[in-house]
Amino acid sequence: MTASDTPRQILVWAEIPVSDMEKAMAFYAKVFDYEMTLDTSGPNPISFFNNDMNGTGGHLYPGKPAAEGQGPTVHLQIPDTLEDATKRVTEAGGTLIGGPVPLPVGRFHYAQDLDGNSIGLFEVTA
């Protein structure tokens, strides 16, 4: 088997640029029930969505978010129901955009974080 024949994970990790790390960490901790801590061991401060680097991961970093509607959408699995998560988004200062969108394996709702980054709130139902 050659390297081109080996199945590979397509998404390695996701980075979400934010203008205020502390506020963004509080937002993602509230909405997704993540334990957000600031890691300053590398060239830039970051905050991982989880500390388990097995599988696809992601983090926040100080940066300039794309203009509204021009950046990618990162879909993140919620810890409970879509209704509860959408309530937490607005309570935390985010904006709901559209949804829910049903899929065979679950459903999701589009939202924006405090910086206008597009995020998907994904609920597994299958």
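It should be noted that the structure appears before, not after, this text.
Draft legend 1. How the structure looks around the sheet that holds strand β4 (residues 73-77). Pairing in this open sheet of four strands is mixed, and the strands run β4-β7-β6-β5 from one edge to the other. Both outer strands of the open sheet, β4 and β5 (95-103), are each paired with one neighbouring strand and no more. Across the sheet, the mean angle from the axis of one strand to that of its neighbour is 25°, orientation sign disregarded. Where strand β6 (residues 106-112) and strand β7 (residues 118-124) come together, seven bridges link them in antiparallel fashion. Counterpart to Ala111 in the pairing with β7 is Ile119. Against the sheet, helix α1 (residues 21-32) engages β4, β6 and β7, with an angle of about 20° to β7. Sheet strands in contact with helix α2 (residues 82-91) are β5, β6 and β7, and its direction is about 5° off that of β6.

Draft legend 2. Representation of the sheet that holds strand β1 (residues 13-18). Ordered in space as β1-β3-β2, the three strands form an open sheet in which the pairing is mixed. Looking along the sheet, the strands with just one partner apiece sit at the ends: β1 and β2 (47-48). The sheet contact formed by β2 and strand β3 (residues 57-62) spans two bridges and is antiparallel. Bridged to Ser47 within β3 is Leu60.

Draft legend 3. Layout of the pattern of salt bridges. Scanning all chains against the criterion turns up four salt bridges. The salt bridge involving Asp80 is made with Arg88; its shortest N-O contact spans 2.8 Å. The class of Asp80 is partly exposed, set by a relative accessible area of 29%. The residue Glu123 makes a salt bridge to Arg107 at a minimum N-O spacing of 2.6 Å.

Draft legend 4. Fine view of the environment of Phe122. Mapping Phe122 onto the fold places it in strand β7. Taking relative accessible area as the criterion, Phe122 reaches 17% and is therefore assigned buried. Note: C-alpha distance between Phe122 and Pro79 (43 residues apart in sequence) is 9.2 Å.

Draft legend 5. Representation of the pairing of β7 in the model. The element β7 is extensively covered by neighbouring structure, given that five of its seven residues are classed as buried. Relative to β7, β4 is paired through five bridges, and the arrangement is parallel. Residue pairing across strands places His75 opposite Gly120, the latter belonging to β7. Between the antiparallel neighbours β6 and β7 lie five residues, among them Gly116 with a positive phi of about 85°.

Reading guide: rules and limits
- Every residue gets a number counted from 1 within its own chain, in the order that chain's sequence is written.
- Per-residue local features are limited, in this predicted model, to residues with pLDDT of at least 70; the limit for side-chain atom pairs, both in listing and counting, is 80 or more; totals at the level of whole chains, interfaces and linings are taken over all residues.
- Heavy atoms throughout the structure, all of them, feed into the side-chain values; hydrogens and water do not.
- Note on pairing: DSSP must find at least two bridges between two strands before they are called paired.
- Only DSSP runs of H or I reaching four residues or more are called helices, and only runs of E reaching two or more are called strands; each is numbered from the N terminus.
- To obtain an axis, a line is fitted to C-alpha atoms, over the contacting stretch when the element is a helix, and the angle between two such axes runs from 0 to 180 degrees between their N-to-C directions.
- The contact criterion used throughout is that any non-hydrogen atoms of two residues lie within 4.5 Å.
- Put simply, a salt bridge is a Lys or Arg side-chain nitrogen that is within 4 Å of an Asp or Glu carboxyl oxygen.
- Exposure classes here rest on a 1.4 Å probe applied to the protein chains alone. A residue is buried below 20% of its type maximum, exposed above 50%, and partly exposed in between.

Note that every value here comes from positions in space, so none of it alone points to a role or purpose.
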